[in-house]
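# Observations on chain architecture
Each chain, written out:
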Amino acid sequence: MISANLSAIFYLVSGVLFILALRGLSSPETSRQGNFFGIMGMIIAVTVTFLSTGNFSSGFIYVLIFISLGGSIGAFIAYKIPMTAMPELVAGFHSLVGLAAVFVAISAFLNPQAFNLGFPGNIKLGSLIEMSIGAAVGAITFSGSVIAFLKLQGIMSGSPITFKGQHPLNAIILISIIALIYLLCSTQSANLFWILLGVSFLIGFLIIIPIGGADMPVVISMLNSYSGWAAAGIGFTLENTALIITGALVGSSGAILSYIMCKGMNRSFFNVILGGFGGTDEAKGSVSKEQRPVKSGNADDAAFLMKNASSVIIVPGYGMAVAQAQHALREMVDTLKKNDIKVSYAIHPVAGRMPGHMNVLLAEANVPYDEVFELEEINNNFANADVAFVIGANDVTNPVAKTDPQSPIYGMPVLDVEKCKSVLFVKRSLSPGYAGIDNDLFYKENTLMLFADAKKMTEDITKNL
Amino acid sequence: MEIDPLIFRLSIFILSIFVGYYVVWSVTPSLHTPLMSVTNAISSVIIVGAIIAGLSGNSDTIFNTSTIFGFLAIALAAINIFGGFLVTQRMLAMYKKKRKDKK
């Protein structure tokens, strides 16, 4: 058994290691070392906890059993999961952090002596406030992440679910959560604690259902942030520095990612959270549009265009992930490179279903990361490129965002794909993208539409090169 | 008059938010997905609370409602810790492979 002061110092060390873990991600070279620091921090935190309880009785055996049980499930998932399923996985993991926070809070509420927080029915006020905030945020994280997971997995429709009075209802529930925490702290009633948890689960569910599929990058980042705040809340309850530091890190990390994602869509955070984007207006918009002529081609035409190009820019989007076309794409690019054609990749901040989604898929397909560029880095290069190959992206290339102030996506930063000499657009049909608006790019003179599955088309082009 | 320890914890919390803010802005956008999975893994340090909860029973009653929630939380957090760190490692290894290819 080690003293409380010594264990506090070790928790601080593990908190610092977690900071270094995130710091390592500033470049791919240092990132693996960063991950190692993170693992070290976790090992220190867990070991110190064992030593500080000094309890190596039979209960300890069960702790080890549950760690190995969870650990083997986690390891199994980590090795099996395809990279295209990362958004679902991360959403699923967030839900587990949320639920774990809820369970720890329940345990502490039922048996506060174990944590030096007082006695059932007479828990220290400060601890009770922290505990109930941690539990409520954890519950919201859990149910919200479950919905996000179901939407990403396709079990639940990705389209927004809206109903009348949705926002007032949510507002009432949020206010009632605050009222419940206040009442709980003044009465110490166990019933109120359970009601608080139930209501928090409900609001997490209600907050996420009106948010559509392509806004998932914001939702996932936001839930990431929530899971951090929940951990911090529990950290205050347990007076644990490692948890407080980590909670704050994760909380701000998720908040920054949400901000970057919102900026990538030129929408305010509240606009995304209130949801319903690209829902009902869709039908209206597409009916009024007259049929405009498009040029469509086949793999042969595309191969011909690319063979005669000297530089090609690839614009991947969610469609590439759906079609699992990243490997086929890399093979196509390899063939192009053999013909001395310069190839680079342009990634929009909100391409895909989570921050950095496209980068991971390209990394999986062995695309060197110095060929992959962010929007600001590459946007000026489109004018000098011969061919833009848009695979699975749509709204993020729509020139309407720059020209039509009436458009819902006006002001959103887009890739200047139309400035290329020619544009190859791989898409299954002419249907509008997530925002429910027509892409002007389809009808440009220099655009050739390739109507096919992204993977199949890419493979066919490679054959024709 | 002594300062309430809560104030110290609050100071750590606020300063950590600022540290997080600057550290996360320096993360390269191409590593945003590993960032999410690693933050997931480290936020599961909540397992320390779960372990304390799980070990709170005495030798006669290892399992009571409170410890059972503790044990469940241990399992959930362990899924995240192992899953989170390993999947991060798997992703980062792919970024590594590319460098070898370049040489």
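Residues numbered from 1 in each chain as written. Chains lettered and ligands numbered in written order. Predicted model: local features only at pLDDT ≥ 70, side-chain atom pairs only at ≥ 80, totals over all residues. Heavy atoms only, no water.

Our next topic: the overall build of chain B. Across its full length, chain B carries four helices and zero strands. Reading chain B from its N terminus to its C terminus gives the helix and strand order α-α-α-α. Radius of gyration (C-alpha) of chain B: 19 Å, far over the 13 Å computed for a compact globule of 103 residues. In terms of overall dimensions, chain B has C-alpha extents of about 60 × 45 × 15 Å along its principal axes. When the accessible surface of chain B is summed, it comes to about 4400 Å², and 66% of that surface belongs to carbon and sulfur atoms. Separation of charge centres in chain B, based on 9 positive and 4 negative side chains, amounts to 31 Å. (Helix = DSSP H or I, 4+ residues; strand = E, 2+ residues; numbered from the N terminus. Rg over C-alpha atoms; globule rule 2.2 N^0.38 Å. Areas by Shrake-Rupley, 256 points an atom, 1.4 Å probe, with all protein chains shown as cover. Lys, Arg positive; Asp, Glu negative; His and termini not counted. Charge placed at Lys NZ, Arg CZ, Asp CG, Glu CD.)

Turning next to the pairing of strand β8 (residues 447-451) of chain A. Residues and elements named next belong to chain A. Across the five residues of β8, four count as buried, placing the element largely inside the fold. With five bridges joining them, strand β7 (residues 422-427) and β8 adopt parallel strand pairing. Across the sheet, Leu424 pairs through a bridge with Leu448, a residue of β8. (Buried < 20%, exposed > 50% of the residue type's maximum accessible area, 1.4 Å probe, protein only. Pairing = 2+ DSSP bridges.)

All names here are of chain A. Even without being glycine, Glu239 reaches a positive phi, approximately 55 degrees. Along the chain, Glu239 turns up in the loop between α8 (216-238) and α9 (241-265). Overall, Glu239 belongs to the partly exposed group, its relative accessible area being 42%. Here Gln324, not a glycine, exhibits a phi torsion of approximately 55 degrees, which is positive. Counting through the fold element by element, Gln324 comes out in the loop between α13 (318-323) and α14 (326-338).

Looking now at the nonpolar core. Core analysis: the biggest nonpolar cluster contains 191 residues, and A:Ile314, A:Phe382, A:Phe389 and A:Ile461 have the highest contact counts within it. It is helix α4 (residues 65-102) of chain B that contributes the most residues to this core, 17 residues altogether. In this structure, A:Ile314 is in contact with A:Leu329, A:Met332, A:Val333, A:Val343, A:Ser344, A:Tyr345, A:Ala346, A:Phe389 and A:Ile391, ignoring residues within four places of it in sequence. (Core = buried A, V, L, I, M, F, W, Y, C linked by side-chain atoms within 4.5 Å. Contact = heavy atoms within 4.5 Å.)

Each side of the interface is counted separately: chain B has 80 residues, and chain A has 100 residues. Between chain B and chain A lies a buried interface of about 8300 Å² when both sides are counted; carbon and sulfur atoms form 79% of it. When the buried surface of chain B facing chain A is broken down by residue, B:Met36, B:Ile46 and B:Leu55 rank first, second and third, together holding 9% of it. Counting every contact that joins chain B to chain A gives one salt bridge. Across the salt bridge formed by A:Glu239 and B:Arg9, the nearest N and O atoms sit 3.6 Å from each other. Where chain B touches chain A, the interface holds 14 residue pairs in polar contact (both at pLDDT 80 or more). Residue assignment for the side of chain B that touches chain A shows that the elements contributing at least two residues are α1 (5-25), α2 (32-43), α3 (47-54) and α4 of chain B. (Buried area = accessible area lost by both parts, 1.4 Å probe. Salt bridge = Lys/Arg side-chain N within 4 Å of Asp/Glu carboxyl O. Polar contact = N/O pair within 3.5 Å; in protein donor to acceptor, adjacent residues only side chain to side chain.)

So, about the packing of aromatic side chains. Overall, the coordinates contain 17 aromatic pairs over all chains when judged by the stated rule. Judged by centre distance (4.9 Å) and plane angle (80 degrees), the rings of A:Phe50 and A:Phe60 are edge-to-face. With A:Phe50 in helix α2 (residues 28-53) and A:Phe60 in helix α3 (residues 58-80), this residue pair connects regions lying 10 residues apart in the sequence. By way of ring pairs, the aromatic residues A:Tyr62, A:Phe66, B:Phe63 and B:Phe71 are connected into one cluster. The side chain of A:Arg353 reaches across the aromatic face of A:Tyr318, ending 3.6 Å from its centre. (Phe/Tyr/Trp six-rings, centres within 6.5 Å; stacked < 30°, edge-to-face > 60°. Lys NZ or Arg CZ within 6 Å of the ring centre and 35° of its normal.)

Residue and element names in this part refer to chain A. Turning to its location among the elements, Glu418 is positioned in the loop between α17 (400-403) and β7. Judged by its relative accessible area of 18%, Glu418 is buried. In this structure Glu418 touches Thr397, Pro399, Lys402, Val423, Leu441, Lys444 and Asn446, once residues within four positions along its chain are discounted.

Here we take up the environment of A:Leu174. Residue and element names in this part refer to chain A. Locating Leu174 in the fold gives a position in helix α6 (residues 166-187). Residue classification places Leu174 among the partly exposed positions, given a relative accessible area of 39%. When the C-alpha atoms of Leu174 and Ser200 are compared, they prove to be 8.3 Å apart, with 26 residues separating the residues in sequence.

Among the surface-exposed residues, A:Tyr259, B:Leu10, B:Ile14, B:Phe18, B:Tyr21, B:Tyr22 and B:Trp25 lie close enough to one another that they form a single nonpolar patch of about 750 Å² accessible area. With six residues, α1(B) is the largest single contributor of residues to the nonpolar patch. As for its placement among the helices and strands, B:Tyr22 is situated in helix α1. Assessed through its relative accessible area of 56%, B:Tyr22 is described here as exposed. (Patch = residues over 30% accessible without salt bridge, like charges linked within 9 Å, V, L, I, M, F, W, Y side chains within 5 Å.)

Residues and elements named next belong to chain A. As a packed pair, helix α1 (residues 4-23) and α9 sit with axes 7 Å apart at the nearest point and diverge in direction by 20 degrees. If you check the angle between α1 and α9, you find them roughly parallel. Crossing hand, α1 versus α9: right-handed. Mapping the contact onto sequence places Ala8, Tyr11, Leu12, Ser14, Gly15, Phe18, Ile19 and Leu22 in α1 and Thr241, Ala242, Ile245, Thr246 and Leu249 in α9. (Axes fitted to C-alpha atoms, helices over the stretch in contact; angles between N-to-C directions. Parallel < 35°, antiparallel > 145°, perpendicular 65-115°, else oblique. Left-handed = near helix turned anticlockwise from the far one by under 90°.)

Spanning 21 residues, α1(B) covers 31 Å between terminal C-alpha atoms, matching the ideal 30 Å at 1.5 Å per step. If you follow the buried residues of α1(B), they end up packed against α1, α8 and α9 of chain A together with α2 of chain B. The N-terminus of α1(B) is capped by B:Asp4, whose side-chain oxygen sits 2.8 Å from the backbone nitrogen of B:Leu6. (Expected span 1.5 Å × (residues − 1).)

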